[in-house]
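# Structural description and commentary
Residue strings, one per chain:
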Amino acid sequence: MVPSRSSRWAREIRFLLGDPLLFVVVFLVLSSLVVFILYPLARVVATSFDTPKGFGFSIFLEVLKSKYLLQGFWNSIMMSTLTAIGGSLLGYLFAYTISRTNIPFKKLFHIIAIIPVVSPPFIGAMSIIMLFGNNGLITYSLLGINNYPLYGFRGLLFAQLITFFPIAYITLRGVLESISPTLEDAAMDLGGSRWQVFRKVTLPLSIPGIASAMLVLFIETMADFGNPLILAGSQFPILSVQAYLQITGMFDLPTGSALALLLLVPSVTAYILQKYWVSRKQYITITGKPTTSVIKSVHPVAKWGLFGLCLFVVMLILLVYLTILWGAFANVWGTDNTLTLKHFQYVFGVGFRAVLDTLTISGISTPLSGILGMVIAFLVVRKQFPGKHFMEFTSMLSFAVPGTVIGIGYILAFNSPPLVLTGTLAILLLNFIYRYIPVGIQSGIAILRQIDPAIEEAAIDLGADAKKTFFRVTLPLMVPAFFSGLIFAFVRAMTAISAAIFLVSSHWNLMTVQIMSQVESGRLGAASAFSVILVGLILLAIFVIRAILLYRYGRLGGKLLNI
Amino acid sequence: MGVKLVNITKVFPDPHHPGKEVVAVHNVSIDVKEGEFVTFLGPSGCGKTTTLRIISGFEYPTEGEVWISGKLVNNDPPNKRDTSMVFQSYAIFPHLSVSQNIGFGLELKGLPKETIRTETERIMVVMNLTNLANRRPDQLSGGQQQRVALARAIINKPSVLLFDEPLSNLDAKLREQMRLEIRRIQKTFGITSIYVTHDQGEAMTVSDRIVVMNEGNIMQIGTPFEIYSRPANRFVADFIGRVNFFEGTVTQVREQGISVRFTHGVEREVASCAQTVRSGDQVLVVVRPESLKLFLKGPAPMGTGSNSRGVSERILQRVPVQSNASSGQPFLEGRIDKVVYLGSVCEYEIDTGGEKPVLAVTHNPIEEGFFQPGDLVGIDFASLSAHALPQGN
Ligand SMILES: Nc1ncnc2c1ncn2[C@@H]1O[C@H](COP(=O)(O)OP(=O)(O)O)[C@@H](O)[C@H]1O
Ligand SMILES: [Mg+2]
């Protein structure tokens, strides 16, 4: 009774051919993803198996035999695991306090907690050196200790927690706010004590979110390069730094690639777990009308306990950032703290090239990355075509691939024909564009899922063709998401270091790389001044984009940017 | 001209079982005349939305033909079809104001600004939207959004209006008001309309004809009267309203109706039959609860019955008017088991010793009085209100 039909695959191909515009766009996007994401990774894999005697495992065997390199691997895993657990716990407590209690200074706490997200990830490490290092403000000036053992495990863990707990906080606050307070009210109404309500309702509903935050923190810490470069020291080697040193210090590309591969595997595993397992378990039905939460489910003692904890964390963050600010104006940090503008003179003189380069590279790459992200989001959510899952997976993969790995991949891939790009602006731009598309894709997908497909159908129904529908209806609705994605991508581009450090040259340099080399040569004042300018530029950009959106979209634009 | 569907079948890949398929619509044919209001009615998942989307062009039929205004439109995309849809979620453009939403279709046609403005204003007057012209969609109530969606659809003067459960997001009062409004607008403009709903009350109110669907198939096409009183099969009889089924055998076929001997031995005349039958055929006779006539055989013994009331109430209670059908042997006898007093009517479940209780309804209980649980009643019906369905189809 039902006629036989061709397979779905054949139908999709026919569909693509019937829509030339879609076909061209899909083809271009897919091939560029292959060239600028997969190919460099493939080169890393190939190089690490490329022994003098052809394909083989001998490089890995060397790595496994080296106690020092192996130690780096385990240290990275341990540090990432501890940061994931500790950072998520801290993030959850912070998020719970902000969303479920009526403590004072909530807004202020929130703003301070997200400062680390919009600043270079190595600020924590710098500040620790300035506070507890050899000329440290606390250790030396205050306590007179000269050789406080802060390099290695303890100092790094502290820096990583300060740097990454805000990411967990933002994620988990979203999770907690999506749990309707009515559920907690209902549990209390049924006779549950405050503690039971938390343990039996709030916590179980947050578990998938916590798991997700942990995996994200694990990935971020594995990939982090700046903090360990400054703080890890030789007693506590960290994998990403080792890979960098193998390549730039010893010019040993195969070993560097092998280490990069060791770095890649746990990160991608965590990413796949996050994407295909944890996110499935998310309770997405808990939406409904946002009820005005009557904050009563937290006992006063618990509330003030949480307040104390948050206050402590906020104070630490402030300490970290004020130290940098002071350092930027101090004559010689630790020994002569009189105020001076000489570090800023340096940044605006000799160092200004790096500022301009950074702005140029971020300014060009972020909008391009944002547009590409919106296009991919649109294709993935609204269109059917062969290779769709491949497109989604590959484009989101950059999120999981540590910068060190992709940086090594780029120098391997684009140092020889057909594409010779090393030392050019193009290699930095391409790297940034493809590295930060996931940010745009995520916000694009999120908003498209919120836009009822019927809205686009209504436009088509009224006579609009595919192009008109996209430009008159879909795109205007995506613009706020585009800009909020843009902010994050811009922040990431401005603060990027782990991949970029392989790609900078005498022609094109970056502020972050400058800061690192200033720290390494002990010029903390110049490094601080650079950092202050960098954070200042980021805040200015956020402020401008926000103002435009608020002006253009009113409340909607503001809400979308409420990071 | 109108809309014509010829043997439409739509098959989807099953999203839950990869490799398998779902037949959403199967072999659907209907001819909707110009200016007619036709409703697709059926339980959720029966293929109504899919049929509508095939007409609007958002889905392509796996098999079959779609004709709009005498033109085969199988390969036309939705923006090339002369149809306008009112979406279940309204699909108001959130970034445009009310008047911009309404004028969107005309703007796409590239009409001059002045024409768009006057046309939009004219429609807004008809739809009572004038004072909302500059509102943003998120400042509108459900009913107002509904009217904007309708205005946006009719401003294009489409030859066909399509509605997909347009009232399901409104509360009950507004729903009744809006369905009359939709019918009024449709009559005013004379636009051929196809409407989808799972609410039979809505279908009965607005439609010239109703198409009852089940599991992708058309079960019956007919006027509201035909669908309700002359259902084509058991599914339709059961789906529309409440119903009693009585089994029996045809004993005689006459020009006007048939005679049926029911399983408990009583013989009655039945005025209509869904298909031609012959003597000896098994039939299922459909009688609606309000067509059953009840008369008191004996009151409930004092203090019995499932919810017997106090003596004083019983005295206030008027004994129902005796039906004149009491002359001969009643069709059935039974005891009132449950009484539901609804104000305008009274509903009963009567235990006649069969598998299921018999359902009956009496009207105007204030004047006519009503029965009590435990009352022994006789049950009968007039041949005109009985309708036979041949068994085994
Ligand atoms: N895009 C689709 N893919 C797979 N199955 C679908 C799709 N759309 C509808 N169906 C299936 O087709 C059947 C009819 O759906 P629909 O037309 O929406 O029913 P109704 O509107 O009557 O509730 C259902 O079983 C539904 O699950
Ligand atoms: Mg439907």
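It should be emphasised that the depicted structure is a prediction, and the values quoted were computed from it without experimental measurement.

### Notes on the packing of aromatic side chains
Applying the stated criterion to the full structure yields 37 aromatic pairs over all chains. With a centroid separation of 4.9 Å and an interplanar angle of 40°, the aromatic rings of Phe329 of chain A and Phe344 of chain A are classed as tilted. With Phe329 of chain A in helix α14 (residues 300-329) and Phe344 of chain A in helix α15 (residues 342-348), this residue pair connects regions lying 15 residues apart in the sequence. Overall, Phe344 of chain A belongs to the buried group, its relative accessible area being 11%. On the basis of an interplanar angle of 55° and a centroid distance of 6.4 Å, the ring pair of Phe58 of chain B and Phe87 of chain B is categorised as tilted. One end of the pair, Phe58 of chain B, is in the loop between α1 (48-56) and β4 (63-68); the other, Phe87 of chain B, is in the loop between β6 (83-86) and α2 (98-108), with 29 residues separating them in the sequence. No difference in accessibility class separates Phe58 of chain B from Phe87 of chain B, as the two residues are buried.

### Quick word on the pattern of salt bridges
Residues and elements named next belong to chain B. Considering all chains together, one arrives at 22 salt bridges over all chains under this definition. For Arg122, the salt bridge is made with Glu119, and the minimal N-O distance between the two is 3.5 Å. Of the two residues, Arg122 and Glu119 both sit in helix α3 (residues 113-126), 3 residues apart, roughly one turn of that helix. Put simply, Glu333 and Lys297 hold a salt bridge, and the shortest N to O gap is 3.3 Å.

### Re the sheet that holds strand β2 (residues 21-32) of chain B
To summarise the sheet geometry, strands pair through backbone hydrogen bonds and adopt either a parallel or an antiparallel arrangement. Residue and element names in this part refer to chain B. Taken in spatial order, the 4 strands line up as β2-β1-β4-β5 in an open sheet, and their pairing is antiparallel. The open sheet has two free edges, formed respectively by β2 and β5 (71-72), since each of these has just one partner strand. Direction of pairing for strand β1 (residues 3-13) relative to β2: antiparallel, over a ladder of 8 bridges. Note that in β2 the partner of Pro13 across the bridge is Glu21. Relative to the sheet, α1 contacts β1, β2 and β4, its axis offset from that of β1 by approximately 115°.

### Some words on the interface of chain A and chain B
Taken together, the contact between chain A and chain B spans 23 residues of the former and 29 residues of the latter. Of the roughly 2,300 Å² buried where chain A meets chain B, counting both sides, 63% is carbon and sulfur surface. The largest contributions to the chain A side of the interface with chain B come from Asp461, Leu462 and Arg472 of chain A, which together make up 30% of the buried area. Here chain A is connected to chain B by 2 salt bridges. One can count 8 residue pairs in polar contact (both at pLDDT 80 or more) joining chain A with chain B. Looking at the side of chain A that touches chain B, the elements that each hand over two or more residues are α21 (453-461) and α22 (466-495) of chain A.

What counts as what
- Residues numbered from 1 in each chain as written.
- Chains lettered and ligands numbered in written order.
- Predicted model: local features only at pLDDT ≥ 70, side-chain atom pairs only at ≥ 80, totals over all residues.
- Heavy atoms only, no water.
- Phe/Tyr/Trp six-rings, centres within 6.5 Å; stacked < 30°, edge-to-face > 60°.
- Helix = DSSP H or I, 4+ residues; strand = E, 2+ residues; numbered from the N terminus.
- Buried < 20%, exposed > 50% of the residue type's maximum accessible area, 1.4 Å probe, protein only.
- Salt bridge = Lys/Arg side-chain N within 4 Å of Asp/Glu carboxyl O.
- Pairing = 2+ DSSP bridges.
- Contact = heavy atoms within 4.5 Å.
- Axes fitted to C-alpha atoms, helices over the stretch in contact; angles between N-to-C directions.
- Buried area = accessible area lost by both parts, 1.4 Å probe.
- Polar contact = N/O pair within 3.5 Å; in protein donor to acceptor, adjacent residues only side chain to side chain.

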